[in-house]
Amino acid sequence: MQKPSVSIQQKPIRSLEDALERCQTLGMRVSRQRRFILELLWQAQEHLSAREIYDRLNHLGKDIGHTSVYQNLEALSSQGIIECIERCDGRLYGNISDSHSHVNCLDTEQILDVHVELPPDLIREIEEKTGVKITDYSINFFGYRNNS
């Protein structure tokens, strides 16, 4: 039998400390490997593939295997502790901050976080057209850094 889901308002994750605290609140063990991954994502301030995370951690002398990286990324992203962005060439992971949008740079393949606030009348117009009360949003922008 499935437990009924209870919606508890949790404080946003804005730092490594918040992420570690959320793990503990959810009853997730904060293993050495999990801590390595979280520390890297908060230091990197960019979106990384599992392979990049594995490579960077091992380059830093952190002893962690491929499987451990993938399992921890899955656990952390499924619990909303880190962000997972699905791309056609695989998943990218990043730290979580307040609600934000993404700028996808097509020539560098970078994904940049950007905070965009839509005008209230535009949100009301969308709500009227759809009948849905907007409580949060994320926008994906695509473009080129170089004008070549």
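Everything in this summary refers to the structure shown in the same document. Here the residue numbers are simple positions, counted from 1 along each chain's written sequence. It should be noted that, the model being predicted, local features are given only for residues of pLDDT at least 70 and side-chain atom pairs only at 80 or more, the latter also being counted only at that level, while totals for whole chains, interfaces and linings use all residues. The side-chain figures draw on all heavy atoms in the structure; neither hydrogens nor water molecules are used.

## Description of the pairing of strand β1 (residues 82-87)
Regular strands have side chains that alternate between both faces of the sheet.
Next, step 1: Pairing analysis gives 6 bridges linking β1 to strand β2 (residues 90-95), with the strands arranged antiparallel. Along β2, the bridge assignment pairs Ile82 with Asn95.
Next, step 2: Being paired, for any two strands, means DSSP has found at least two bridges between them. Each helix is a run of DSSP H or I of at least 4 residues and each strand a run of E of at least 2, with the numbering of both proceeding from the N terminus. The hairpin formed by β1 and β2 contains 2 residues between the paired strands.

## Here's the deal with the pairing of strand β3 (residues 101-105)
Next, step 1: Classification of residues uses two cut-offs on accessible area relative to the type maximum, computed with a 1.4 Å probe and protein chains only: under 20% is buried, over 50% is exposed, and between them is partly exposed. Taking burial as the measure, the 5 residues of β3 include 4 buried ones, the bulk of the element.
Next, step 2: Inspection of the sheet shows β3 paired to strand β4 (residues 111-114) by 4 bridges, in the antiparallel sense. Directly across from His102, in β4, lies its bridge partner Asp113.
Next, step 3: Hairpin geometry of β3 and β4 is characterised by an intervening segment of 5 residues between the two adjacent antiparallel strands and by a positive phi of about 65° at Glu109.

## Some remarks on the environment of Leu76
Next, step 1: The residue Leu76 is located in helix α4 (residues 66-78) in this model.
Next, step 2: On a C-alpha basis, the gap between Leu76 and Arg22 in space is 10.0 Å, while along the polypeptide they are 54 residues apart.

## Considerations on the nonpolar core
Next, step 1: Residues enter a nonpolar core if they are buried and are Ala, Val, Leu, Ile, Met, Phe, Trp, Tyr or Cys, with the set joined through side-chain atoms within 4.5 Å. Among the nonpolar cores identified, the biggest contains 26 residues, and Leu38 and Ile53 are the most heavily contacted of them.
Next, step 2: Looking at this core, the elements that each hand over two or more residues are α1 (16-25), α2 (32-44), α3 (50-59) and α4.
Next, step 3: For this core, the element with the highest residue contribution is α2, accounting for 7 residues.
Next, step 4: By the convention used here, residues are in contact when the closest approach between their heavy atoms is within 4.5 Å. Residues in contact with Ile53, not counting those within four places in the same chain, are Ile37, Leu40, Leu41, Leu48, Val69, Leu73 and Tyr93.

## Some words on α1
Next, step 1: Buried within α1 we find Leu16, Asp18, Ala19, Leu20, Arg22 and Cys23.
Next, step 2: On its buried side, α1 packs onto α2 and α4.
Next, step 3: Immediately downstream of α1, the backbone of Gly27 shows phi near 80°, a positive value.

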